[in-house]
Every structure is written in C-alpha cells, then in structure tokens.
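So the chains spell out like this:
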Amino acid sequence: MERQDSSSAKWWQLAFGILCMAMIANLQYGWTLFVDPIDAKYHWGRAAIQFAFTLFVATETWLVPVEAWFVDRYGPRVVVCFGGVMIALAWVLNAYASSLPVLYAGSVIGGIGAGSVYGTCVGNALKWFPDRRGLAAGATAAGFGAGAALTVVPIAKMIATSGYESAFLYFGLGQGAVVVVMSFLLRKPSVSAPVRRKSLRLPQTQVDRTPREAVRTPVFWVMYAMFVMVASGGLMAAAQIAPIAHDFRVADVPVSILGLQMAALTLAISLDRIFDGFGRPFFGYVSDRIGRENTMFIAFSTAAFAVILLLAYGRTPLVFVFATAIYFGVFGEIYSLFPATCGDTFGSKYAASNAGLLYTAKGSAAMLVPFGSMVAAAYGWTAVFGLIIGLNVAAALAMFVLRPMRLRYLAGSQGTEAPAGRPVQAI
C-alpha cells in the first residue's frame, strides 16, 4: 500500500529543490566574473572563452529530456546526486584548464550536472504542486536565479586576492558537496496522494499528453519560439554584463545605495540575482491569477524598456545598476511561466519530461551568445541591445498568438468549448 504524503512534505521537497538549484546558480550567473581574468592570463579572446558558456548552456538544456527519462524510472535522488558530482568535477577541471579544449570539456561536464539538477527539481515541483504550478516552478527557479546573489561578492574577492583558479576549485567542491547531501532528501510524491482540486480562471487540460504527443502540436512550438527569443537576450546579458560594464567604464566605479557602497559591476550582479530570484516566484504567483500570457506580455515589455534605458543612460553607474536589475527581474520569469504553461497545456503525469523538452529552448538560445560577442566586436553594444529589444518585443506580441491557440487546443483535446473567461477545472 502506498504511503500518504503529509501536508508539509511538499513544502519540504520544494525547499530541498530550491537549495539544490541555488548550488548550481554560479555555473551560469557567476561565469561572467571569470571571463576577463581568464582572457588576461591566456589571451584567448572573449568570443572563444564565451563559447564555453554556450557549450555549458547547450549541454545543460538539451540533455534534460534524457535526464527526465532517468528521473521517471529511478527517482530524483540518483539523478541529482550524479549532478552534484558532475558540477564539482566541472569547476575543478576549469581551475586547472590551460587550454580551450579543457575549458570546453569542463563546460560540457558542468552542463550535464546542472541539467540533471535543474530538470529534476523543476519537474518534481510541478508534480508536488499541480494546483500552484506557477508559484512552485517560480520558487524552484528562484533558487537558480538568486542562488548566486550571496556568493557573487565572495567569488569576486577570491578572484581578486587568490586568482580565478582558487574560486573555481573551492566553490566548485563546496557547491557539489551540498547538492550530493540534498539529493538523499528528495523524492517524488506518492501516487495515492490526494490532489486538491479547485477552480481557477486558467486554461488547464484534463488530459495528460506524452512528450511524443506534445511535440506534435503547433502550440508547443509557439511556446518554444517565444522561449528562444526571450532566453537568447537574457543569456547574452548574463554572459556579457562584466565586459559591458568594463566597456562602459562603470565596472569599478563606487556606487552607494542605502548606505552600502561597492563597485558598480559587483553591486549590479548582486542585485541582478536578487531581482531575478524574486521575480520568478512573483510572476509565477501573478500568472496563477491573471493568466500566463497576460503575465508574459507585462514581463517581456518591461524587459525591452529596461534595455532601452541601459542603452540610453547605461554609462551612468547608478543607471547601469538599476537598469540591469530591472531587466533580470523580469527576464527570469520565463523559467516559471513556460514550465507552468507547459503543465497547464499537457498535464501533470509527464510534466517533467514535457517541461524538459521545452527547456531545450534555452540551449538553442545559447547559440546566439557567441554571436552577440561578434556583433559587439563589429558594431558595438548598441547593435546587441537593439537585438535584445527586438526579441523581447516580438515575444511580447507573440502572446496574442499563443493564447487563442492554446484555448482552441484545450477545447479540442477535451471535447469541450471552453471560452476564455470561463473557469477551468484544475487537475
């Protein structure tokens, strides 16, 4: 007989997942701190070094469906434990990398580890919270978005005092160890656990669709295209924020906020992680109430405005700090809204696998990061910012295509005509 989950079990599982996500955050969001120090030592060039970032994101995302397959069969513990070992190995390898192939190998290993943790924790949250997908996915993704906030300053200081190699080594081992310990506390919900049912003004399916069925629908590919458009701009910004700050000559300028003073770049990265982390559960919560597509439109439009502000006034240190904070505050919501929308559209049973397939859009978007470096070298940051603005505006307008398409798909798949304003039963 299957055991019943206690009412607090899902919240503990959510907390364990958030902590695991926080431990892999630096692999992506701390990377920008290492780019210029690596280039200063080996003179490989920013574009060549940033290709390692592309490999990391591509491996992290494109293998998530495979890792989800293992989760479905062996549970979250073994996959997350494996991920912890891999992320530690990756940064240890980066610490001793004296050639680009070794740096690239570390990025691939880190991507495999981070994807194992990310896909498992988000999928597990969607299964534990079928009635609060936006909030659960957002809170879990917040660990990834804000996890680097507390460690940005220590990493920056260690790079300055002991070299980037020491930062790679010690933070890599520490982060990996925490993930391994947390992995033994994770589990999937019991199949006999009761699912609370309530009415929501959200279009949600009552039919579970397999990954094979999901990828055959046009609505999946519209979501995929929107994900790519927004993620590509955010990844470019995340990977290039330090080079941008140096080129704008604001990186080392002291900025004071509420009595706290630090270099503009360090403060910007710290606030970016805080705003990013807060934005993911906030927009997930909002989307549970006003709808996924409406929330997407608000967030994507705000992102475009923030980049316009950065383009126009970003050479002022205080504006640079706040414009990037606003941008990342609304960028991170894609990691809560798209998994939640995917769960609403294709159901809970295969939520991890379906969300994993959609998450590969981030890997596709990562292919534009080196392109951003080349555009910046040839035409300056104005061209890069214009590209990011255009992608966010296009994604914001695409919601007018996505919403009616989803409504038609759900009405057809369930054999009912569900008008946009009618409450739909949550599963």
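None of the values given here were measured: they were computed from a predicted structure. (Residues numbered from 1 in each chain as written. Predicted model: local features only at pLDDT ≥ 70, side-chain atom pairs only at ≥ 80, totals over all residues. Heavy atoms only, no water.)

(A) Expanded view of empty space enclosed by the protein. Tallied over the full model, the rule gives six cavities of 30 Å³ or more. Computed from the structure, the largest cavity encloses a volume of approximately 130 Å³. The wall of the largest cavity is formed by 15 residues, among which A237, I244, L310, T324 and F385 lie closest to the centre. Looking at which element gives the most residues to the lining of the largest cavity, the answer is helix α14 (residues 317–331), with five residues. Within the lining of the largest cavity, the residues separate by chemical class into 14 nonpolar, one polar and no charged. What lines the second largest cavity is a set of 14 residues, among which Y118, V122, P339, A355 and Y359 lie closest to the centre. Where the lining of the second largest cavity is concerned, the elements lending two or more residues are α6 (100–128), α15 (334–346) and α16 (351–366). Of the residues forming the lining of the second largest cavity, the biggest block, five residues, is contributed by α16. (1 Å grid on protein atoms, 1.4 Å probe; cavity = no way out; pocket = protein on both sides within 12 Å on 5 of 7 lines; lining within 4 Å. Points joined across faces, edges and corners; volume = space filled by probe spheres on them. Helix = DSSP H or I, 4+ residues; strand = E, 2+ residues; numbered from the N terminus. Nonpolar A, V, L, I, M, F, W, Y, C, P; charged D, E, K, R; others polar.)

(B) Broad picture of the confidence of the model for the protein chain. Scored by pLDDT, the protein chain comes out at a mean of 84, with 92% of its residues at no less than 70. Predicted confidence in the protein chain is weakest over strand β4 (residues 424–425), with a mean pLDDT of 40, and strongest over helix α5 (residues 76–95), with 94. Below a pLDDT of 50 lies the segment residues 192–199, which in the model reaches 19 contacts outside its immediate sequence neighbourhood of four places, other chains included. Here residues 416–427 is a poorly scored stretch, pLDDT under 50, and it has 36 contacts once near neighbours within four places are set aside; other chains count. (pLDDT = per-residue confidence, 0-100. Contact = heavy atoms within 4.5 Å.)

(C) Representation of the packing of helix α4 (residues 64–74) against α5. Closest axis-to-axis distance for the α4/α5 pair is 7 Å, and the angle between their directions is 140 degrees. Judged on the interaxial angle alone, α5 and α4 are oblique. Facing E67, F70, V71 and Y74 of α4, the residues of α5 in contact are P76, V78 and V79. For the contact of α4 with α5, the per-class residue count stands at six nonpolar, no polar and one charged. (Axes fitted to C-alpha atoms, helices over the stretch in contact; angles between N-to-C directions. Parallel < 35°, antiparallel > 145°, perpendicular 65-115°, else oblique.)

(D) Looking closely at the pattern of salt bridges. This model, assessed by the stated rule, comprises nine salt bridges. For K41, the salt bridge goes to E165, with nearest N and O atoms at 2.6 Å. Here K41 is found in helix α2 (residues 32–42), whereas its partner E165 is found in helix α9 (residues 164–183), with 124 residues between them in sequence. Since its relative accessible area comes to 43%, K41 is described here as partly exposed. Shared partners join several salt bridges into a network, and the residues in it are D36, R46 and D247. (Salt bridge = Lys/Arg side-chain N within 4 Å of Asp/Glu carboxyl O. Buried < 20%, exposed > 50% of the residue type's maximum accessible area, 1.4 Å probe, protein only.)

(E) Representation of the packing of aromatic side chains within the structure. For the structure shown, the criterion picks out 26 aromatic pairs. Centre to centre, the rings of Y164 and F168 are 6.0 Å apart; their planes meet at 85 degrees, and the pair counts as edge-to-face. Linking Y164 with F168, this pair stays in helix α9, spanning four residues, or about one helical turn. With relative accessibility at 5%, the residue Y164 sits in the buried group. When its relative accessible area of 0% is taken as the criterion, F168 is described as buried. Ring centres 6.2 Å apart and planes at 35 degrees place the aromatic pair F220 and Y224 in the tilted group. Residue F220 and its partner Y224 are located together in helix α11 (residues 218–247), separated by four residues, close to a single helical turn. With a relative accessible area of 2%, F220 lands in the buried category. By relative accessible area, Y224 is classed as buried at 15%. Through a chain of ring-to-ring contacts, three or more aromatic side chains come together here, namely Y118, F227, Y327, F328, F331, Y335, F338 and Y359. Sitting over the face of the ring of F248, R315 holds its NZ or CZ atom 4.1 Å from the ring centroid. In this arrangement the basic side chain of K362 is found over the ring face of Y118, its NZ or CZ atom lying 5.7 Å from the centre. (Phe/Tyr/Trp six-rings, centres within 6.5 Å; stacked < 30°, edge-to-face > 60°. Lys NZ or Arg CZ within 6 Å of the ring centre and 35° of its normal.)

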